[in-house]
Amino acid sequence: MTDPTHKPAGITPSQTVGPYYAYGLTPRGAYAFRDAFADPVATADCEGTRIKLTGHIYDGDGKAIPDAMIEIWQADSAGRYAHPRDNRARANSSFKGFGRCGADKNGGYAFETIMPGIVPGPDGKPQAPHVVVCLFARGMLRHLYTRIYFADAAAANAADPILALVPADRRNTLIAKRAGDGAYTFDIHIQGGDETVFFDV
Amino acid sequence: MSLIYPRSSNAAHPAYDFADYRSTGKRHPQKPLIIMPHTLSELTGPVYGHDAVRDNEFDLTMQHKAEPLGERIIVTGRVLDEDGRPQPNTLVEIWQANSAGRYIHVVDQHPAPLDPNFTGAGRAVTNADGRYRFVTIKPGAYPWGNHPNAWRPNHIHFSLFGPSFLSRIVTQMYFPGDPLFAFDPIFNSVPDAKARDRMVCRFDLDVTKPDWALGYQFDIVLRGRNATPTEEPHDD
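Residues take numbers from 1 onward in each chain, read along the sequence in its written order. Whichever chain is written first becomes A and whichever ligand is written first becomes 1, with later ones labelled in order. Owing to the predicted nature of the model, reporting of local features is limited to residues with pLDDT of at least 70; listing and counting of side-chain atom pairs is limited to 80 or more, with chain, interface and lining totals taken over all residues. The side-chain figures draw on all heavy atoms in the structure; neither hydrogens nor water molecules are used.

J.: Hey, could you run me through the overall build of chain B in this one?
T.: Only runs of H or I of at least four residues qualify as helices and only runs of E of at least two qualify as strands under DSSP, and these elements are numbered from the N terminus. The secondary structure content of chain B amounts to three helices and 14 strands. Whereas a compact globule of 236 residues would reach a radius of gyration of roughly 18 Å, chain B reaches 19 Å, a difference of no more than 12%. Contacts spanning at least 24 positions in sequence make up 71% of the contacts within chain B whose residues lie at least 6 apart. What sets the accessible areas is the Shrake-Rupley method with a 1.4 Å probe; for residues, cover comes only from the shown protein chains. Here chain B has roughly 9800 Å² of accessible surface; of this, 56% comes from carbon and sulfur atoms. Of the charged side chains in chain B, 24 are positive and 28 negative; the average position of the first set lies 5 Å away from that of the second. Note on method: radius of gyration uses C-alpha positions; expected globular size equals 2.2 Å times residues raised to 0.38. In what follows, residue pairs with any heavy atoms lying within 4.5 Å of each other are defined as contacts. In this tally, Asp and Glu contribute negative charge and Lys and Arg positive charge; neither His nor the terminal groups of the chain are included. Where a charge lies is defined by one atom per residue type, namely NZ (Lys), CZ (Arg), CG (Asp) and CD (Glu).

J.: Can you help me understand the pattern of salt bridges in this one?
T.: Between side chains of opposite charge, a pair can form when the charged atoms approach closely. Just to be clear on terms, a salt bridge is a Lys or Arg side-chain nitrogen sitting within 4 Å of an Asp or Glu carboxyl oxygen. For the structure on display, the rule yields 22 salt bridges over all chains. As a salt-bridge pair, D181 of chain A and R178 of chain A come within 3.8 Å of each other at their nearest N and O atoms. Classification of D181 of chain A by relative accessible area gives exposed; the value is 78%. Of the residues examined, R178 of chain A reaches a relative accessible area of 45% and is grouped as partly exposed. Where salt bridges share partners, they join K7 of chain A together with D81, D83 and R85 of chain B into one cluster. The classification of residues rests on relative accessible area computed with a 1.4 Å probe and restricted to protein chains. Under 20% of the type maximum is buried, over 50% is exposed, and intermediate values are partly exposed.

J.: I keep staring at empty space enclosed by the protein and nothing clicks. Help me out?
T.: A water-sized probe rolled over the atoms picks out the places where empty space is left. Using a 1 Å grid laid over the protein atoms alone, points where a 1.4 Å probe fits but cannot get out form a cavity; open sets with protein on both sides within 12 Å along at least 5 of 7 lines form a pocket; any residue with an atom within 4 Å of a point counts as lining. Grid points are joined across faces, edges and corners, and a volume is the space filled by probe spheres set on the points. In this structure the tally under the stated criterion is two cavities of 30 Å³ or more. Of the volumes computed, that of the largest cavity is approximately 50 Å³. Taken together, S14, Q15, T16, V17, F136, A137, M140, L141, R142 and H143 of chain A together with V170 of chain B form the lining of the largest cavity. Throughout, the ten residues Ala, Val, Leu, Ile, Met, Phe, Trp, Tyr, Cys and Pro are labelled nonpolar, Asp, Glu, Lys and Arg are labelled charged, and all others, Gly among them, are labelled polar. In terms of residue class, the lining of the largest cavity is built from six nonpolar, four polar and one charged.

J.: I would appreciate a short explanation of the pairing of strand β4 (residues 108-114) of chain A in the present structure.
T.: Successive residues of a regular strand alternate their side chains across the two faces of the sheet. Residue and element names in this part refer to chain A. For β4, a buried count of five out of seven residues is recorded, marking the element as mostly surrounded by other parts of the structure. Summarising the sheet, strand β1 (residues 50-58) and β4 pair through seven bridges and their orientation is antiparallel. Looking across to β4, one finds that G55 is bridged to Y109. Paired strands are those between which DSSP finds at least two bridges.

J.: Would you mind going over the interface of chain A and chain B with me for this structure?
T.: Interfaces are often sized by the accessible area lost when the parts come together. Each partner contributes residues to the interface: chain A has 82 residues there, and chain B has 97 residues. Two parts placed together each lose some accessible area; with a 1.4 Å probe, that loss summed over both constitutes the buried area. Both faces considered, chain A and chain B share a buried interface measuring about 7900 Å² in area, 59% of it formed by carbon and sulfur atoms. Between chain A and chain B we count nine salt bridges in total. Salt-bridge contacts for D83 of chain B lead to K7 of chain A; the nearest nitrogen and oxygen are separated by 3.9 Å. Contacts described as polar in this section are N or O atom pairs within 3.5 Å, which, within protein, must combine one atom able to donate a hydrogen with one able to accept it, while residues neighboring in sequence count only if both atoms come from side chains. Across the chain A-chain B interface, the total number found is 48 residue pairs in polar contact (both at pLDDT 80 or more). Of all the elements, strand β7 (residues 130-137) of chain A adds the most residues to the side of chain A that touches chain B, at six residues. In terms of residue class, the side of chain A that touches chain B is made up of 48 nonpolar, 16 polar and 18 charged. As paired strands, strand β12 (residues 199-200) of chain A and strand β2 (residues 34-35) of chain B are joined by two bridges and run parallel to one another. Considered in β2 of chain B, the bridge of F199 of chain A is made with I34 of chain B.

J.: Would you mind going over the sheet that holds strand β10 (residues 169-174) of chain B with me for this structure?
T.: Each strand in a sheet pairs with another by means of backbone hydrogen bonds, the pair being arranged parallel or else antiparallel. Residues and elements named next belong to chain B. Overall, antiparallel pairing links the four strands, which are arranged β5-β4-β9-β10 in an open sheet. Of all strands in the sheet, those bounded by a partner on one side alone are β5 (121-125) and β10. The mean inter-strand angle of the sheet, taken between neighbouring strand axes irrespective of direction, is 25°. Pairing of strand β4 (residues 91-96) with β5, which is carried by five bridges, proceeds in the antiparallel orientation. Each bridged residue has a counterpart across the sheet, and for W95 the counterpart in β5 is A121. Orientation is described by axes fitted as lines to C-alpha atoms, over the contacting stretch for helices, and by angles from 0 to 180 degrees between their N-to-C directions.

J.: It is not clear to me how the environment of L174 of chain A should be interpreted in this structure. Could you clarify?
T.: All names here are of chain A. Among the secondary structure elements, L174 is positioned in the loop between α2 (154-158) and β9 (175-178). For the pair formed by L174 and H130, sequence separation is 44 residues and the distance between their alpha carbons is 9.5 Å. Filtering out sequence-adjacent residues up to four positions away, L174 remains in contact with T146, R147, I148, Y149, L163, V166, F186, T196, V197 and F199.

J.: Looking at this structure, I do not really get the layout of surface pockets. What am I missing?
T.: Taken as a whole, the largest pocket spans an internal volume of roughly 750 Å³. The wall of the largest pocket is formed by 34 residues, among which P19, Y20, D67 and R138 of chain A together with V107 of chain B lie closest to the centre. At three residues, strand β7 (residues 142-144) of chain B tops the list of elements feeding residues into the lining of the largest pocket. The residue makeup of the lining of the largest pocket, split by class, is 16 nonpolar, ten polar and eight charged.

J.: Got a minute to help me understand the nonpolar core in this structure?
T.: Proteins that are soluble and globular tend to have nonpolar side chains buried together. Working definition of a nonpolar core: buried Ala, Val, Leu, Ile, Met, Phe, Trp, Tyr and Cys residues. They are joined through side-chain atoms within 4.5 Å. Core analysis: the largest hydrophobic core is formed by 49 residues, its most contacted members being F199 of chain A together with L91 and W95 of chain B. Elements with a minimum of two residues in this core: α1 (22-25), β2 (68-74), β7 and β8 (144-150) of chain A together with α1 (40-43), β4 and β5 of chain B. Ignoring any residue separated from it by four or fewer positions in sequence, one finds L91 of chain B in contact with F37 of chain A together with Y48, A52, V53, R123, A124, V125, S159, L160 and F161 of chain B. Ranked by size, the runner-up nonpolar core spans 32 residues in total, among them I65, I72 and L135 of chain A together with Y16 of chain B.

J.: Looking at this structure, how should I read the packing of aromatic side chains?
T.: To pair, rings of Phe, Tyr and Trp, with the six-membered ring standing in for Trp, must have centres within 6.5 Å; the planes then decide the type, stacked if under 30 degrees apart, edge-to-face if over 60, and tilted in the middle. This structure, assessed with the given rule, holds 25 aromatic pairs over all chains. Measuring from ring centre to ring centre gives 6.4 Å for W73 of chain A and F165 of chain B, while their planes differ by 40°; the resulting arrangement is tilted. Placement of the pair is W73 of chain A in strand β2 and F165 of chain B in the loop between β9 (155-160) and β10, with the two residues belonging to separate chains. Summarising the burial analysis for this pair, W73 of chain A and F165 of chain B share the class buried. Throughout this description, the term charge over a ring refers to an Arg CZ or Lys NZ atom that lies within 6 Å of the ring centre and within 35 degrees of the ring normal. Here the guanidinium or amino end of K209 of chain B rests over the ring plane of W212 of chain B, the centre of that ring lying 5.1 Å away.

J.: Please clarify how the pairing of β2 of chain A should be interpreted in this entry.
T.: Residue and element names in this part refer to chain A. When you tally the buried positions in β2, you get seven out of seven residues, the bulk of the element. Burial along β2 is two-sided: A68, I70, I72 and Q74 facing one way and M69, E71 and W73 facing the other are all buried. Alignment of β2 against β7, held across seven bridges, turns out to be antiparallel. Pairing of E71 across the sheet is with C134, part of β7. The sheet contact formed by β2 and strand β3 (residues 98-102) spans five bridges and is antiparallel. Counterpart to I70 in the pairing with β3 is C101.

Below is the structure:
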């Protein structure tokens, strides 16, 4: 145990979210527990282009993962994060930039949010609009980080300092496809030939 | 407060691929993870404090018409960063099986009874000292299909955000001296014995309330260290 007078010996290790997280983390009316997080991510009072982000989560056999949970974290339409570390003035809106979704029985997820803006990056270089993703599932002892970029921001993507770190032939795994007006699809393959790029952060 | 997040701290976590826990087989990346610098996108994260929690959500024994069956317990502890500084106003979410080892989740078919007075989910926010507190019942052990005669040790699932998306953690809290530790691949997926011990709560007679409930202490240490001028901000 941690002695309050000393520096901890290390962080608390991760353990799998398991198959039964839904009634605690994503009850959504199916269980007698209140949801803590607003759904949709886009709030009535936030500025920006409304988008719908949907996709499916697959294992190494290409089978859908029904007991996965996906979380997203993103900037507002002006590229500002609703967090004290981002000290730029924010719009007077209730947009928080966080979403959580439990996969459905087909491994599907959906978020109604807004297109994030350009975000400051390393060495003053801008980052293309992107959404940070945390992925959890039964069978995953630790969550995985990935990012969602958008296909119609090709020029910004080409200049993005993080995408530049990814081998060119795998960058497409990080880019959501446009699927109609304001709709994007982004599938996640945890393993296999189409394996999504995950980041070591 | 400005924090840095050394990658080396992640050595406490299990590997993504851990054969003894069979389900990791098709659910771990096989290609190398891409090392990237921590940008504003990673160094920020969801901010949920008191506004996210209702007063009664810390007490899992008071969410229904009557009290649930089982051994009433108090679980409290502090949320700290790697320098040992308390993390105030941090959301702590928990979920657990009932005292018979049955989850209310629709997929759980373990032939042990559900308890109409127990959902098994709770939320709390840490106070100025980084402290949280739950009242619940001790969850039961339960069988699972990983290997013949496989049983999970008693545990409570914990989920925390902390100061950024890099401090995000989902873990499980175990109880001291559980005879199932030696046989549980999830517990043993954490490579270092001392790190495994950090997932085990401690019985505390001072937390124990006379004639009412046993008390346990469980501190949680999140990623994040103070950034001092002598340290590189992109410490790996």
